[in-house]
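Per-entry structural report
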Amino acid sequence: MRTGKKLFASALLIVTALSSLTACGSGTSSEGSAGSGSSEQVKIRMIESLTSPARTEVLNQMLTKFEEANPGIDVELISPPLDSADTKIAQMLSSKADVDVLEVRDSTVKQFVTNNWIADLSAYTSKWSGYGTLNTSAQMSANYIENKPYYIPYGLYEKILFYRTDWFKEKGLEAPKTWEDLYQAAKAITDPSKNRYGYSFRGGKGADSYIVDMVRDYNGTNTNPEDAMFLKNGNTIFSTPEAKQALENHLNIYKDGSPKDSVNWGFAEMVEGFEAGITGMLIQDPDVIDVVKQKMGEGTWSTAAIPAGPAGVTHFKVGAAGWGMAAHSEHKDEAWKLIEFLSSPEENEFFTQKIGLIPVHTTASENEFYKTGYYKPYMDMNADTAHYIPVKPETDYKGFGEWRSIIQQDTQAIIFGKLSVDDALKKWDAYWIDQKKQGK
């Protein structure tokens, strides 16, 4: 039972975990290392990455239920500070410290697999009935590396459109179905004399995904979802006339429908602009839903699917994180039992509702919580695979980090009249041709 096993400070937990390596040998618990089938108590250690007090409390509730159902297994949850968590996890894995279950993110999975730090879960998922009910996006995320499941996602991050229903009603507008619709709505709503603007434009850090998503949509079904910086014919997505249309529309949304200082807005500013009644539309992840609910009155806002390109197609990147198993764990069967429990449809719905994420099982679409209200567009998008196409992120290309800065800076240069649209697209096209040559 977890009663009486209160967590120490994060730094002490890390020191304890690492010191157990010195005291007991690699991967061995200081409280004994009963293997599968042993009648002795087994202790497994689990470390999270996206730590917050509220989230850790939810996990502790779930772990209490797990221990009650599995009295032979104790679980110690390690909760390092958010800013350093991924570094701590990598350190523990590389030193084969005493850890069994760990949080794996789409941004860390390649590093973990390349270094042989986490286990291929195929032997377990092949016998797990829950694996068959994972939705398309969850399975794609789980199998992103080597087409093998190295982690089981606990939730998905997909963008959605937030919009002010009261402002739209005033103007006789409906939620935009295309990017052109979004531009027209943003322009209609904008009234600088009232400090009211149509759209929370993102021109600062993270701007790259908004631009790239729109370019993909304008290229329609020619975009290659398996390698989405490229078309199915092998050319880059920036090489077409449609790419120019997309970028020009993106810039017009800023020019005619967004606050001028949004040229520097990042995540916090764009969300705050919507909450504060400055902007009428926002495109963001599901964890923003609860934040907006706390700040804005019921009936003043709603959510809708992400707009489509001219061909009626929307591409979306799926962000994911989940639970994986340390390759050096001496308690793999017990570790899988915990992963399977946390990943079950019932526990996954509990977790995603508490945290504000998209659930990973298709069965969630039958839950009234997701069938109606703010989460419904997510279920609709995932069900309509003909028009809403998930794509693999470009994060595994060597130059991805540099690319994010390049496209943000170039877009700002266009806005300030220092770079033309044509020259920017030529530069981006050349960059990704070079990335393709370098390989992943």
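Located above this text is the structure these notes cover.
Structure report, in brief.

All right, on to the sheet that holds strand E7 (residues 301-304) then. In a beta sheet, neighbouring strands pair by backbone hydrogen bonds and run either parallel or antiparallel. Overall, antiparallel pairing links the three strands, which are arranged E6-E5-E7 in an open sheet. Strands at the two margins of the open sheet, each flanked by one partner only, are strand E6 (281-284) and E7. Across the sheet, the mean angle separating the axes of adjacent strands is 25° when strand polarity is ignored. Of the pairings in the sheet, the one linking strand E5 (residues 160-164) to E7 comprises four bridges and is antiparallel in character. In the sheet register, Phe-162 faces E7, and the bridge partner there is Thr-303. Against the sheet, helix H11 (residues 267-275) contacts E5, E6 and E7, and its axis sits at roughly 140° relative to E6.

All right, on to the nonpolar core then. In terms of nonpolar packing, the biggest core is built from 127 residues, with Met-46, Phe-238, Trp-403 and Trp-428 touching the most fellow members. Setting aside its immediate chain neighbours within four residues, Trp-428 contacts Ile-211, Phe-238, Leu-247, Trp-403, Ile-406, Ile-407, Asp-410 and Thr-411.

Here we come to the sheet that holds strand E3 (residues 101-105). Here five strands make up an open sheet; going across it, the order is E2-E1-E3-E9-E4 and the pairing mixed. Edge positions in the open sheet fall to strand E2 (73-78) and strand E4 (152-157), since each of these has one partner strand only. Sheet twist, expressed as the mean angle between neighbouring strand axes with direction ignored, is 20°. Pairing geometry for strand E1 (residues 42-47) and E2, over six bridges, is parallel.

Another point: the pairing of E2. In terms of burial, E2 is largely enclosed, as six of its six residues are buried. Covered by surrounding structure in E2 are Ile-73, Val-75 and Leu-77 together with Asp-74, Glu-76 and Ile-78, the residues of both alternating faces. The parallel pair E1 and E2, bridged by helix H2 (residues 53-69), forms a crossover whose chirality is right-handed.

This paragraph deals with helix H17 (residues 400-415). The terminal C-alpha atoms of H17 lie 23 Å apart, and with 16 residues this matches the ideal 22 Å at 1.5 Å per residue to within 8%. Buried within H17 we find Phe-400, Trp-403, Ile-406, Ile-407, Gln-408, Asp-410, Thr-411, Gln-412, Ala-413 and Ile-414. Turning to H17, the residues buried within the fold contact helix H9 (207-218), helix H10 (241-257) and helix H18 (421-438). In the segment just after H17, Gly-417 is the residue with positive phi, at about 75°.

Okay, the pattern of salt bridges next. Inspection of the entire model under this criterion finds 21 salt bridges. The salt bridge involving Glu-48 is made with Arg-55; its shortest N-O contact spans 2.5 Å. Like Arg-55, Glu-48 is buried. Between Asp-166 and Arg-164 there is a salt bridge, with the nearest N and O atoms lying 2.7 Å from each other. Each of Lys-43, Arg-45, Glu-76 and Asp-98 takes part in salt bridges that share partners, so that together they form one network.

Bringing the packing of H10 against H18 into the picture now. Across the interface, H10 lies against H18 with an axial gap of 10 Å and an inter-helix angle of 125°. One way to sum up the angle between H10 and H18 is to call them oblique. Crossing geometry of H10 relative to H18 is assigned as right-handed. Contacts between H10 and H18 pair Ala-243, Lys-244, Leu-247, Glu-248 and Leu-251 from the former with Val-421, Asp-422, Leu-425 and Trp-428 from the latter. Here the contact of H10 with H18 is composed, by residue class, of six nonpolar, no polar and three charged.

For Thr-352, the location among the structural elements is in helix H14 (residues 345-355). From its side chain, Thr-352 meets the backbone oxygen of Glu-349 in a polar contact 3.3 Å long. Setting aside chain neighbours within four positions, we find Thr-352 in contact with Tyr-154, Gly-155, Leu-357, Ile-358, Pro-359 and Tyr-370.

So, on to the environment of Glu-67. Mapped onto the fold, Glu-67 is located in helix H2. Considering only alpha carbons, one finds Glu-67 and Ile-152, 85 residues apart in sequence, at a separation of 20 Å. Of note is the side chain of Glu-67, whose polar atom sits 2.7 Å from the backbone nitrogen of Val-75.

Every buried residue of helix H3 (residues 85-94) is listed here: Ala-85, Ile-89, Ala-90, Met-92 and Leu-93. Angularly, the buried residues of H3 cover 165° about the axis, an arc narrow enough to put them on a single face. Two residues or fewer after H3 comes Lys-96, characterised by a positive phi angle close to 55°.

Here the focus is the packing of helix H8 (residues 179-189) against H10. Interaxial distance between H8 and H10 falls to 8 Å at its minimum, and their mutual angle equals 10°. Our classification of the angle between H8 and H10 gives roughly parallel. Residues Trp-179, Glu-180, Leu-182, Tyr-183, Ala-186 and Lys-187 of H8 touch H10, and the partners they reach there are Asn-249, Asn-252, Ile-253, Asp-256 and Gly-257. When its residues are assigned to classes, the contact of H8 with H10 shows five nonpolar, three polar and three charged.

Before going further, it helps to spend a moment on the packing of aromatic side chains. For the structure shown, the criterion picks out 25 aromatic pairs. Ring geometry for Phe-201 and Tyr-254: centres 5.0 Å apart, planes at 50°, overall tilted. Of this pair, Phe-201 sits in the loop between H8 and H9 while Tyr-254 is found in helix H10, placing the two residues 53 residues apart along the sequence. We classify Tyr-254 as buried; its relative accessible area is 8%. Aromatic pair Trp-301 and Tyr-374: ring centres 3.9 Å apart, planes at 5°, arrangement stacked. On the criterion of sequence distance, the pair formed by Trp-301 in strand E7 and Tyr-374 in the loop between helix H15 (368-371) and helix H16 (376-383) is long-range, its members being 73 residues apart. The pair Trp-301 / Tyr-374 is uniform in exposure class, with both members buried.

Reading the values: rules and limits
Residues numbered from 1 in each chain as written. Predicted model: local features only at pLDDT ≥ 70, side-chain atom pairs only at ≥ 80, totals over all residues. Heavy atoms only, no water. Pairing = 2+ DSSP bridges. Helix = DSSP H or I, 4+ residues; strand = E, 2+ residues; numbered from the N terminus. Axes fitted to C-alpha atoms, helices over the stretch in contact; angles between N-to-C directions. Contact = heavy atoms within 4.5 Å. Core = buried A, V, L, I, M, F, W, Y, C linked by side-chain atoms within 4.5 Å. Buried < 20%, exposed > 50% of the residue type's maximum accessible area, 1.4 Å probe, protein only. Right-handed = clockwise from strand over helix to strand, strands pointing away. Expected span 1.5 Å × (residues − 1). Salt bridge = Lys/Arg side-chain N within 4 Å of Asp/Glu carboxyl O. Parallel < 35°, antiparallel > 145°, perpendicular 65-115°, else oblique. Left-handed = near helix turned anticlockwise from the far one by under 90°. Nonpolar A, V, L, I, M, F, W, Y, C, P; charged D, E, K, R; others polar. Polar contact = N/O pair within 3.5 Å; in protein donor to acceptor, adjacent residues only side chain to side chain. Arc of directions from axis to C-beta. Phe/Tyr/Trp six-rings, centres within 6.5 Å; stacked < 30°, edge-to-face > 60°.

These results come straight from atomic positions and should not be treated as a statement about function.
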